Every structure is written in structure tokens, then in C-alpha cells.
Amino acid sequence: MRTRRATVAALAAAMGVFCYAGEARADGWVDELKVGVLDHDVIHRKESGVDFNGEILFASPELLSWIFSPRPHIGFSVNSAGDTDPAYAGLTWTLVGKQAMFVEADKLFLDYGFGVSFNDGDLDEKRDDRKELGSRALFRLSLEAGYSFVPHHSLSAYVDHESNAGLSAHNEGMNAAGIRY
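Since we're looking at a predicted model, the values are computed, not measured.

### A few points about the side chain of Asn79
Position of Asn79 among the secondary structure elements: in strand S3 (residues 71-79). Residue Asn79 is classed as buried on the basis of its relative accessible area of 2%. Only 2.9 Å separates the side chain of Asn79 from the side chain of Asp51, close enough to count as a polar contact. Here the side chain of Asn79 touches Ala81 through a polar contact of 2.9 Å, landing on its backbone nitrogen.

### Quick look at the side chain of Ser163
With respect to the element layout, Ser163 can be found in strand S7 (residues 153-163). A distance of 3.0 Å separates a polar side-chain atom of Ser163 from the backbone nitrogen of Ala165. Polar contacts involving the side chain of Ser163 include one to the side chain of Asn171, which spans 3.0 Å. The residues touching Ser163, leaving out its near neighbours within four places in the chain, are Leu138, Phe139, Asn171 and Gly173.

Parameters at a glance
Residues numbered from 1 in each chain as written. Predicted model: local features only at pLDDT ≥ 70, side-chain atom pairs only at ≥ 80, totals over all residues. Heavy atoms only, no water. Helix = DSSP H or I, 4+ residues; strand = E, 2+ residues; numbered from the N terminus. Buried < 20%, exposed > 50% of the residue type's maximum accessible area, 1.4 Å probe, protein only. Polar contact = N/O pair within 3.5 Å; in protein donor to acceptor, adjacent residues only side chain to side chain. Contact = heavy atoms within 4.5 Å.

As C-alpha cells, this is what we get:
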């Protein structure tokens, strides 16, 4: 339990540093910071608790312009019940919808993410209260729909799915859904 608290404290401190550094993000490499609360294992309910999520989206480098300029991202979730915690990285594509609906700078957006996650969950141990994920490294997909009400501030609905895509004998997968700011 002490190690878990130290990990949570370290992750929170890292997010705080990135938030402070992100204040001048208009010309920097950090494009957006997101925090959220997610319902853990929403489909099968084998594991419990909520996930506290943090994510950093970086400005899209020029070398990714040929695939519609996705933003690289890194993130993590910490589960309140001590169940599986993932850390992840990948690319996020953003589609911006209707702009200036209520004020000059607001907009609707849709984000799609693809990448890899690494977890501390069970791999193949048969238990009623833990997922059998089959691998430490999993494929990860995410979808987020939201409203940006002023520059650099938004509220969104978010879902993600992590799975080994059948590459291992055990592949229960993990899903989370919630809100992010």
C-alpha cells in the first residue's frame, strides 16, 4: 500500500509540474493537459473502483503531417480500489466541429486515440475479482467528445478500451468511461 501511495503522489506531482509548465503552451511543445474521473471496467464489472486519469497531449510535429497531424500523448490512470493501473502512449487525432456557438472561442471537438498501454494487472491468474489481461503491453483505443468553452478549457465525455487483440491465450480486455476536463 505504501508503494501505491508513493506512485500516486509521484504521478500527481508530475502532473502539477506539467500543468505549471503548460501555462505557456502556445509556443511550447505541450499542447493540452487533461484530468478526469473514469468508471473502471464498465462492461464486465470484474474489477471495481474509479480511475483518476491524467494525460498530456503534445503539439503535433511536422513529420506527422502526412497522417493528418495527430498529437502524441502520454497518460496514466490510477484505480481507487487497487485494481489494474495502466500507463499509456500513442497518437490523438482531433476533429473540430461547430465553432463560435455561444462565444467567439468555443467549439465542439471529437478526439480519437490509438496507441499502446502498459498495466500492472493479472496476466493469466484465474480470479473472480481481477481481469486476465494476458500481456503487460496492450493495444489501446480512445474516443472523446467534448465542448471547449474558452481556449485551453474543455469538458468532455471519454471512453477507452485496452486489449491484446487476441494475441495471448487470455484477453479479457479493459474498458473505462467518464468525464475529463
